[in-house]
Each structure stands twice: as C-alpha cells, then as structure tokens.
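Take a look at the letters that make up each chain.
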Amino acid sequence: MPAKTTVKRTPQYLINLAKRKRRNKRRIEQGKKPLVQPLQIALNAERNSALKKGIMVFFNGKKRIELPMKLMLNEGKNIGIFNMLLQGVYKTAKGRIITVRSEHSTDLMLFEVKNGKETLIKSPIKKSNEDYDNFFARGNDLAHMNIDNSLKGQGLGLKILSKAEREQRAKQKGKHKFRIFRKSQFPPLFKKLGYSVKKDLIAFTAEKKGRFQPKDNLNKFHRIEAIDPKTGKTKIFTFPVKPKF
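Residues numbered from 1 in each chain as written. Predicted model: local features only at pLDDT ≥ 70, side-chain atom pairs only at ≥ 80, totals over all residues. Heavy atoms only, no water.

## Here's the deal with helix H1 (residues 11-29)
Filter applied, for reference: In this text, helices come from DSSP runs of H or I with a minimum length of four residues, and strands from runs of E with a minimum of two, each type numbered from the N-terminal end. Given a helix with a known number of residues, its expected span is that number minus one, times 1.5 Å. Remark: exposure states derive from per-residue accessible area (1.4 Å probe, protein chains only) relative to the maximum for the residue type, with buried under 20%, exposed over 50%, and partly exposed in between. Taken from the helix axis, the directions to the C-beta atoms give the arc we talk about.
The end-to-end C-alpha separation of H1 is 27 Å, in line with the 27 Å expected for 19 residues at 1.5 Å each. Listed as buried for H1 are Tyr13, Asn16, Arg20, Asn24 and Arg27. Each buried residue of H1 sits inside an arc of 75 degrees when the element is viewed along its axis, so together they form one side. More than 90 degrees from the buried face of H1, the exposed residues found are Pro11, Lys21, Lys25 and Glu29. Glycine 31, located one to two residues past H1, shows a positive phi value of around 85 degrees.

## Looking at the sheet that holds strand S15 (residues 196-199)
Our working definition: At least two bridges found by DSSP between two strands are what make those strands a pair. Here, axes are lines fitted to C-alpha atoms. For helices the fit covers the stretch in contact, and angles between N-to-C directions go from 0 to 180 degrees.
Sheet architecture is open: 3 strands sit in the order S14-S16-S15, paired in antiparallel fashion. Every other strand in the sheet has two partners, leaving strand S14 (175-180) and S15 as the edge strands with one partner each. Going across the sheet, the axis of each strand differs from the next one's by a mean of 15 degrees, ignoring polarity. As judged from the 6 bridges shared by S14 and strand S16 (residues 204-209), these two strands associate in the antiparallel manner. The partner of histidine 176 across the bridge, within S16, is lysine 208.

## Brief notes about the side chain of asparagine 24
Our working rule: In protein, a polar contact requires one atom able to donate a hydrogen and another able to accept it; more generally it is a pair of N or O atoms within 3.5 Å, and residues adjacent in sequence count only if both atoms are side-chain atoms. Residue contacts follow a heavy-atom distance rule, with two residues in contact if any of their heavy atoms lie within 4.5 Å.
Residue placement: asparagine 24 occurs in helix H1. Exposure remark for asparagine 24: the relative accessible area of 12% places this residue in the buried category. A polar contact is formed between the side chain of asparagine 24 and the backbone nitrogen of leucine 35, at a distance of 2.6 Å. If we ignore the near neighbours within four places in the chain, the residues touching asparagine 24 are Pro34, Leu35 and Gln37.

## Regarding unusual backbone geometry
Non-glycine residue asparagine 115 carries a positive phi angle of around 55 degrees. Tracing the chain through its elements places asparagine 115 in the loop between strand S8 (107-114) and strand S9 (117-120). Owing to a relative accessible area of 84%, asparagine 115 belongs among the exposed residues under this scheme. You will see that lysine 173, though not glycine, has its phi angle at about 55 degrees, which is positive. Examined against the element boundaries, lysine 173 turns out to sit in the loop between helix H3 (156-171) and S14.

## Points about the environment of threonine 92
Following the sequence through the fold, threonine 92 ends up in the loop between strand S6 (81-91) and strand S7 (97-102). On the basis of relative accessibility, which here comes to 6%, the residue threonine 92 falls in the buried class. For the pair threonine 92 and glutamine 154, spaced 62 residues apart in sequence, the C-alpha to C-alpha distance is 7.8 Å. Apart from residues lying up to four places away in sequence, threonine 92 is in contact with Val36, Ile98, Leu151 and Gln154.

## Some details on a positive patch on the surface
Note the cut-off: Patches were defined on residues exceeding 30% relative accessible area and lacking a salt bridge, with like-charge contacts within 9 Å and nonpolar side-chain contacts (Val, Leu, Ile, Met, Phe, Trp, Tyr) within 5 Å. Surface accessibility follows the Shrake-Rupley procedure with a 1.4 Å probe radius. Residue values consider only the protein chains on display as shielding. Every case where a carboxyl oxygen of Asp or Glu lies within 4 Å of a side-chain nitrogen of Lys or Arg is listed as a salt bridge. Neither His nor the chain ends contribute to the count of charged residues, in which Lys and Arg are positive and Asp and Glu negative. Charge placement uses NZ in Lys and CZ in Arg. For Asp and Glu, CG and CD serve respectively.
Together, Lys19, Arg22, Arg23, Arg26 and Lys233 make up a region of like positive charge exposed at the surface. Summarising the element assignment, lysine 19 is placed in helix H1. Lysine 19 gets classed as partly exposed once you look at its relative accessible area, which sits at 46%.

In structure tokens form, the structure reads like this:
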C-alpha cells in the first residue's frame, strides 16, 4: 500500500476544523443529530497518481481509504451495471462511511464502506420480505427518493438532493420546473434548495432559476465534496469521467 502523504496543518486548517466541530456541537445542544462530514481528500500529487489507476484516495482521520471512481454493481437483478460513478463520500457521527454514486442517467444511490468493500444500502419494508434501494432520482421529477431512517436528519439527504437538482439545471441552462404529486413532506425540502413551490388543487409546482455550472452534469464529471488537505476547507473537487480505467 502506498505511504500516506502528509501536510502540515496550517492555522487556517485548524480554524476550519474547529468551525465544523462547533457547528455540530450547536446542533447537539439543539437536540439535533450531528451533520455528516466529507472526508479529507489526498494531496494533489497522490490524487493524480490514484486517478491513473481509476481510484481516489481519502483519509478518515489517519486511516487511508481507496475508492474506485467506477464501481461494478453486482447484486441481484442489477448484475452488470458498470456506470456507478463516485460522486461523494461522507462519515456519520457514528463512524459509518457512506458513498454516493450516480447510476447512468437514472439515480444517485447510497453505499456503505465496510472492510474495504462498498455494499448497496437497502431499507427493509415493514410487513414484507422485500427491501428498497436508497436512491435519489436524477430525472426531471426529483420528488422520487428513499433514504434509510438511520441516515435521516444529518444533512445527507439534502446534499444528495442538491446534487441532483444542480445537475438538472446544468442541463437546462439554469432553469428547472417540475410537479410534485407525492406527499406534502417534499415541498419544504425543495424550498431549502431555493425553489419556489406553489400548490394547486392536485399538486405542487416547484421552480428554480439561477446560475448553473456545466460541470454539474454527473454523466460527464465526478463532483466530489471533500476537505482540502491544505486549507481544511470543504470544497467540490471535479474530475472528468474517463471512458476506461
């Protein structure tokens, strides 16, 4: 295994680290769950070296984590899907490592990293032997989603939903409009993301117009939120999707 590259923690790095800790402390004092946190990404030289092998390197504290940029999903009816592109990795307050991956043109799906292996997270259905994938739709209608109860209330769902809506606006020059026919729990989520939400007799209409970033197209780019190892700041790192690794 390659040796971990290190960088001296600057005063600014420590300030940003302290800010994240204070924010979660305030949430706990308010009776809320701590927010999920992105992992620290490797330094530039190590990132470039890893990309040549089709992987990306992160650090959970001192622990080095390698994740493939593309993952072959090999479970049940989904055997043979190769386009599970890495779009994020987060740590929960309980230490779970959750990855976000985009399935080609369809969904953003959640995996959990255990013993170096990523496994698709599934939620059991009460009074049934079936279960649901944890997913967020990437199509025009963004109000199709499912997230396990154990992952709710920590900001993860909002991060993924934001990723999905930014992609839609990237493809539509900053404008996105759709109808929500599902339960009324969804409009508040989209209001948090800056959508205007209006109700009529049978549904809600959600609309947003604003600046957009072409690189939010998840079929063409990996858009990974991570902690910069030099500054300690959280930022989006962008890598073009390569046809082959």
